[in-house]
Amino acid sequence: THPLPSQLAAYIFEMRQVAKAEDEWRSLLAEWRLPAFRMSSCAHGTGDFASISKQDRVSIATRFMGIIARRASHGFSVTLIENDYLSAFPESEFSKSLSAYTLCAHSCLLLVAQWAKSRELTAPIRYCFESGHARKGELDGYLDRIARDPSGSGWARHFHLETYKFSTKAADPILQAADILAWQC
């Protein structure tokens, strides 16, 4: 047996593109009477995709990917195998304080900061994370510490952190876009 990896996939959308992307996303979901898009279900024809032909599933996935291509500025994914992470940092304060999932999120924040710096962007960024992960509470605490920045280290500034929130794929359908990227990685 292979342990499941911790993985975070993300897209960066400019605010003016979010509403357009979500409108297009909701429209495509409505066209196919889908409550949400899940790439693994689409690829294997399971769940909400069980009665949809393979040809149509490929078309649906391609159309969702088209929305991402038109509306997203950048995408990336970070994956870490929990056992490998713990083996690399045994008994360290680092691995005791951050799970592989939270380290993946931290890595995503670093990638966003690097992306912003490479484009000389200084605007604040609003982060949105899917709320369903078992380690959500840990990540929320970690992000709260960054947002409050008690040490004065400047992490919130470094990450351009304006706000962060946790949401569901139903409430913020654009979160479903990251599912496609995660599936590819």
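Structural data are supplied above this passage.
Quick caveat, the model's predicted, so the values are computed rather than measured.

Calculation criteria
- Residues numbered from 1 in each chain as written.
- Predicted model: local features only at pLDDT ≥ 70, side-chain atom pairs only at ≥ 80, totals over all residues.
- Heavy atoms only, no water.
- Salt bridge = Lys/Arg side-chain N within 4 Å of Asp/Glu carboxyl O.
- Helix = DSSP H or I, 4+ residues; strand = E, 2+ residues; numbered from the N terminus.
- Buried < 20%, exposed > 50% of the residue type's maximum accessible area, 1.4 Å probe, protein only.
- Contact = heavy atoms within 4.5 Å.

Per the stated rule, a full pass over the model turns up 12 salt bridges. The shortest N-O distance in the salt bridge between K169 and D179 comes to 3.5 Å. With K169 in the loop between β4 (161-167) and α9 (176-184) and D179 in helix α9, this pair connects stretches of sequence that are 10 residues apart. Like K169, the residue D179 is buried in the burial classification. A single salt-bridge network, built from bridges that share partners, covers R38, E130, K169 and D179.

Looking at the secondary structure, you find Q176 in helix α9. On the accessibility criterion, Q176 (1% relative accessible area) is buried. Sequence-distant contacts of Q176, that is, excluding residues within four places in its chain, are made with W25, L29, A36, F37 and K169.

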